[in-house]
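Working through the structure, step by step
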Amino acid sequence: MPSPFRDRDLLRTEITQFINKHRAAIKLDASRISDYFEMACFNDIVRYYQLRGFEIEVRNLIDNSYRYKMSPSGYQPNFSFFRIRKSVKNSVLEFDVHHNLSLESSHDRRIYVTPDVVVIQASCLSETSDFYSKKRKFSFAENAKVVSFFECKHYTPFPELVFNFVGILNELYGLQRLASKARPQRIHLAPTLFISGAANNHLELIKGSLESRYSMNVIYGIFGTTRRTFTSTNFRTFKTT
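These remarks concern the structure in this document. Predicted model, so just to flag it, every value in this text is computed and none were measured.

Conventions we followed
- Residues numbered from 1 in each chain as written.
- Predicted model: local features only at pLDDT ≥ 70, side-chain atom pairs only at ≥ 80, totals over all residues.
- Heavy atoms only, no water.
- Helix = DSSP H or I, 4+ residues; strand = E, 2+ residues; numbered from the N terminus.
- Buried < 20%, exposed > 50% of the residue type's maximum accessible area, 1.4 Å probe, protein only.
- Expected span 1.5 Å × (residues − 1).
- Arc of directions from axis to C-beta.
- Salt bridge = Lys/Arg side-chain N within 4 Å of Asp/Glu carboxyl O.
- Phe/Tyr/Trp six-rings, centres within 6.5 Å; stacked < 30°, edge-to-face > 60°.
- Lys NZ or Arg CZ within 6 Å of the ring centre and 35° of its normal.

**Examining unusual backbone geometry**
Of note in this structure, aspartate 63 is not a glycine but carries a positive phi near 55°. The topology assignment puts aspartate 63 in the loop between strand 2 (55-59) and strand 3 (65-67). Here aspartate 63 falls in the exposed class, since its relative accessible area comes to 64%. The phi torsion at asparagine 64 lies on the positive side, around 65°, for a residue other than glycine. Looking at the secondary structure, you find asparagine 64 in the loop between strand 2 and strand 3. On the basis of relative accessible area, asparagine 64 is assigned to the exposed category, the value being 67%.

**Comments concerning helix 3 (residues 159-173)**
With 15 residues, helix 3 extends 22 Å from end C-alpha to end C-alpha; this agrees with the ideal 21 Å at 1.5 Å per step. Leu161, Val162, Phe165, Val166, Ile168, Leu169, Leu172 and Tyr173 are the residues of helix 3 that are buried. Down the axis, helix 3 shows its buried residues gathered within 160° of arc, on one side only. Phi turns positive one or two residues past the end of helix 3, at glycine 174, with a value near 85°.

**Thoughts on the environment of arginine 52**
As for its placement among the helices and strands, arginine 52 is situated in the loop between helix 2 (33-51) and strand 2. Note: C-alpha distance between arginine 52 and lysine 86 (34 residues apart in sequence) is 8.9 Å.

**Some thoughts on the pattern of salt bridges**
One pass over the structure, following the stated rule, counts 11 salt bridges. The residue arginine 83 makes a salt bridge to glutamate 94 at a minimum N-O spacing of 3.9 Å. With a gap of 11 residues between them, arginine 83 in strand 4 (residues 81-88) and glutamate 94 in strand 5 (residues 91-99) connect regions that are remote in the sequence. For arginine 83, a relative accessible area of 5% puts it in the buried group. Note that glutamate 151 and lysine 153 form a salt bridge whose closest N and O atoms lie 3.2 Å from each other. Of the residues examined, lysine 153 reaches a relative accessible area of 22% and is grouped as partly exposed. Among the charged side chains, a salt-bridge network with shared partners connects Glu55, Glu57, Arg59, Arg83, Arg85, Glu94 and Asp96.

**Some details on the environment of valine 166**
Relative to the helices and strands, valine 166 resides in helix 3. Note on valine 166: relative accessible area 12%, which makes it buried. When the C-alpha atoms of valine 166 and tyrosine 214 are compared, they prove to be 8.7 Å apart, with 48 residues separating the residues in sequence.

**Some words on the packing of aromatic side chains**
The tally for this structure, following the rule as stated, stands at 15 aromatic pairs. An angle of 90° between the planes, with centres 5.3 Å apart, marks the rings of tyrosine 48 and tyrosine 49 as edge-to-face. A relative accessible area of 0% means that tyrosine 48 is categorised as buried. We classify tyrosine 49 as buried; its relative accessible area is 0%. Centre to centre, the rings of phenylalanine 138 and phenylalanine 140 are 6.0 Å apart; their planes meet at 15°, and the pair counts as stacked. Judged by its relative accessible area of 5%, phenylalanine 138 falls in the buried class. Residue phenylalanine 140 is classed as buried on the basis of its relative accessible area of 8%. Members of the aromatic cluster, each reached through a chain of ring pairs, are Phe42, Tyr66, Tyr68 and Phe82. Across from the ring centre of phenylalanine 79, 5.9 Å away, lies the NZ or CZ of lysine 69, which sits over that ring.

Below, the structure written as structure tokens:
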């Protein structure tokens, strides 16, 4: 079974090259290999939208550099993001791709979930001073503004890890709406779990079962192949929303 691990310096180089292609420098504060895995998945998600014909634009450079948000803590306007844009039927659709942005629960507006990568409607960040005890500003996106979200796990996969993703789906969408939650254009990648390690036969069965029940994707073996996660030929195999 291919190793779920990969050279950190190689990942740093690939991440830097990706940001440089978008005419921006980058500030890398990460030290853990799992952080670089998250950034690599974030970049792959942006590439997905490029393959779907979206225009890509870097937004909110900090000190003239792109700054990834490496944890759920931190004030979202202090970090960079990508604006994605596409013309569909004489209208322009715009969305933002954020790293570690908190999302409002579909069940209770007082609680939040923070997936690793999220896509929301453009310019829809909200904030409150009621979340922290010291009245600090807290950034989030309202549930109605959520388009899709993604979890990135640098692990050898196991069943409970995959099943846990369904809990996030439930919190953000509500399980009763998962099978039917779709927009007319179906241009977005459905909520997806990225796992660095390769799967055995049982995990492949779990993937197939969950994907048949819910609007979601499970992608194993991100580091087990030299091929990119999304290419012009394979992205059509993934569920969209």
